[in-house]
Amino acid sequence: MKRFIVKLLVFLSPILILAVGMELLLRCVDNSYKYKSTYMKTRGGSINTLIMGSSHSFYGIDPDYLSGDAFNLSHPSQTLEFDEKLILKYENQLTSLKTLYLPISMFTLYGRLEDSVENWRENNYSLYYGIHTGYGLGQYIELFARKFKINVGILYAYYLKGEQDLVCSRLGWGIAYSPGKMRDLELTADDAVRRHTNFNIHSPKYREIFEENVATLKRIISWADKRNVKVILLTLPAYKTYRENPHLNSEVVERTIETAESVARTFGNCDYLNLYDSDSFTIADFYDADHLNHDGAEKLTRILNKYNSDKENNN
Amino acid sequence: MLFNTIDFAIFLPIVFILYWFVTNRSLRLQNFMLVVASYVFYGWWDWRFLSLILFSTVVDYLVGRRLKRVTAPCKRRLLLWTSIVVNLGFLGFFKYYNFFLDNFLRAFTFFGFEIQANSLNVILPVGISFYTFQTLSYTIDVYRRKLEPTDDFIEFAAFVSFFPQLVAGPIERATNLLPQFYRKREFKYEDAVDGLRQILWGLFKKVVIADQCAIFANQIFDQYSSFGGSTLLLGALFFTFQIYGDFSGYSDIAIGTARLFGFKLMRNFAFPYFSRDIAEFWRRWHISLSTWFRDYLYIPLGGSRGGTWMKIRNTFIIFIVSGFWHGANWTFIVWGTLNAIYFMPLMLTKNNRKNLDTVASGKLLPGFREAVSMLITFALTVFAWIFFRAESMAHAFGYIGRLFSASIMARPSFSNMRTALVVLILCAIMFLVEWIGREGQYALERFGLRWVRPFRYAMYYTLVLAIFWFGGTDQQFIYFQF
């Protein structure tokens, strides 16, 4: 027995040393979750406009082009469930909040982070925001928070290439999608459309997810209503390879848009702005089929700013 | 608790230490500790269903004890049927209630009767089919007087709930596993090291092969209508590798884990994809279930003793029940029937016991005939898996219809083709290692043992690194749902 344990420990020791070393190094890496959490704690009280949502808004809305104190609190794959959790987490800090942007993408009402391949991102909310959704070690230890190869990639990029993980601007906008980095708009459309819409919306599972998400959406809007905060539901532009993709499930698109319109009509503090097939965006504005690049983000944010000031002027 | 999680990586050493260092002075205490550990292991998933295992354990323990004292045949039969009804009743309710209800309603509707009935939102308890069959084997063997029933409830509870094989087998026979709880287990260095090697290989098959293949199999099966024939063929192949890596990987981890505690579980897989005919495939795939059906269903039905029609009937019954055991869906029944059809020519020509040895034993490569036979058997298996994987019959037929179209000659096309190629290369490496190690109990049993230590350790570290690299998805084992 002694021989077995000694040999096993000798065998495992390089692995344990590697694990401890990686954990220590990972804790020193800056990322957008860490940055945004600190920002919300220290400057949450000054924010007038808050942008929630997934990668679409993370890369698509640049608060620098919005009037007042705006901040982008979105993260890739962030669902309505986590939008709500974040808002409630910082509700005491958000004393100056006037406008809340909630993006409604084609997966927003049918997506749940725990079911997706990106579910490891739940751990980021636990590690950096203190929003615990389970009891796994990944909720407390960086090494277990995400896949090993992702951790290796983060360490390689941060320590060897000098790049930050999930870089964002000082106001929380994702800056990785510069115009020179455009991806294939056909291939990315195929992939995204399948991921976002290829399911049966009438199946019990998706009916349940849909109902949960609509309920969450309504709770957020009610929360905002009580605080006199204007909510703008927003469907961001998608390139035509996405919109006209033969695999796009039109039922998902129609149901999503109908629901957003209906919710906006129900609440007095809520508008729905649908830019899904807006003519204002050209191929030069897209990073891939459903994400805007820097130019697209600037264009979109200026449209949003104008929409808000027009509304204010009319009132 | 899943074998491929950090939770289990922490749980296992704790149980190991308690087992060998704290409770080792008393056999009863050691068995009790195994029961507690097994209940924690199972309760990690959903503690509410522990009551089902406990109830099943109590019923079969009491039935066993009564069978020891009762001699009247009708009373013995009544006791046996009590156990069967209770165990299969639970299984039937949790697994098949909605299936039967839906089909009855459809049948009535077909004949013009409109009946309203609500299906239940029943959660299927993990591994219910496995532990139900295991406890049934105890009652049946005691009834047949093949096994002396135990008076010790702890021993029996440990047998029913033994955590390494509780949720996905091997489905142990009481005659093999139960007596191992009666006697003191000795720690054997060679067994423990071999057990760790088997766990390592099992994890590799699960995490590196099955979970990676699952990404592509799921993508292609879920969205089959948007792919061409060649891509669908690749999807079927990915699922073929996935289900093997997943289930045989689980069995390897289970058997290896049991060996760390001084137990020897039955073999569950014997390199089935190297089979030369379907009969050989079924002797090598999910051995514990095949032999369970053979001993407790096929032989009582008359086995191969009757005439040709009797043999045909019994074979179809076995395969159809086996298919239905996997899930409450017509796809599993068709999968079972298809395998029975594959089996028929071999049985009718009395060639079903032709290939009992290991293929190309003692040789590096198979002969031409052997290679062709293996390829044909493999192709038949891949085709049958389409039904197994499909969510409905319409899905299966839709998939097959598109598969056998002109587009089967086109170049496969789907997202992440490069990653898919890497996964296929990994599958090829796995099968190469399995081919080299096919005469052992598992692939890594003898593989690399004669290498100098640095090379051997380098191989082990490579496997560990691959597991870490591809791990982190915490994917369920497919057979948990059965």
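For the structure itself, look to the data block above.
What you see is a predicted model; the values in this text were computed from it and never measured. (Residues numbered from 1 in each chain as written. Chains lettered and ligands numbered in written order. Predicted model: local features only at pLDDT ≥ 70, side-chain atom pairs only at ≥ 80, totals over all residues. Heavy atoms only, no water.)

Before going further, it helps to spend a moment on the environment of Asn 293 of chain A. Residue and element names in this part refer to chain A. Tracing the sequence through the fold places Asn 293 in the loop between strand 7 (291–292) and helix 12 (294–314). Exposure remark for Asn 293: the relative accessible area of 1% places this residue in the buried category. Sequence separation of Asn 293 and Lys 181 is 112 residues, and the distance between their C-alpha atoms is 8.6 Å. Here the side chain of Asn 293 touches Phe 286 through a polar contact of 3.4 Å, landing on its backbone oxygen. A polar contact of 3.0 Å, which involves the side chain of Asn 293, links it to the backbone nitrogen of Asp 295. (Helix = DSSP H or I, 4+ residues; strand = E, 2+ residues; numbered from the N terminus. Buried < 20%, exposed > 50% of the residue type's maximum accessible area, 1.4 Å probe, protein only. Polar contact = N/O pair within 3.5 Å; in protein donor to acceptor, adjacent residues only side chain to side chain.)

Now for the interface of chain B and chain A. In this assembly, 27 residues from chain B lie in contact with 20 residues from chain A. For the pairing of chain B and chain A, the buried interface totals around 2,300 Å² over both sides, and the portion due to carbon and sulfur atoms is 73%. Per-residue buried area on chain B facing chain A is highest for Tyr 189, Tyr 461 and Trp 469 of chain B; these three make up 27% of the total on that side. Summed over the shared surface of chain B and chain A, the number is zero salt bridges. Taken together, the connections running from chain B to chain A amount to three residue pairs in polar contact (both at pLDDT 80 or more). Sorting the residues of the side of chain B that touches chain A by element identifies helix 1 (6–22), helix 8 (189–222) and helix 17 (453–470) of chain B as the ones contributing at least two each. (Contact = heavy atoms within 4.5 Å. Buried area = accessible area lost by both parts, 1.4 Å probe. Salt bridge = Lys/Arg side-chain N within 4 Å of Asp/Glu carboxyl O.)

What follows deals with the pairing of strand 3 (residues 99–103) of chain A. Residue and element names in this part refer to chain A. Among the five residues of strand 3, five are classified as buried, and the element is accordingly described as predominantly covered. Judged by which residues are buried, strand 3 turns out to be covered on both faces: Thr 99, Tyr 101 and Pro 103 on one side and Leu 100 and Leu 102 on the other are all buried. Inspection of the sheet shows strand 1 (residues 49–51) paired to strand 3 by three bridges, in the parallel sense. Bridging from a neighbouring strand, Thr 49 pairs with Thr 99 of strand 3. Sheet analysis places strand 3 next to strand 4 (residues 230–235), joined by five bridges and oriented parallel. Paired with Pro 103 across the two strands is Leu 234, which belongs to strand 4. (Pairing = 2+ DSSP bridges.)

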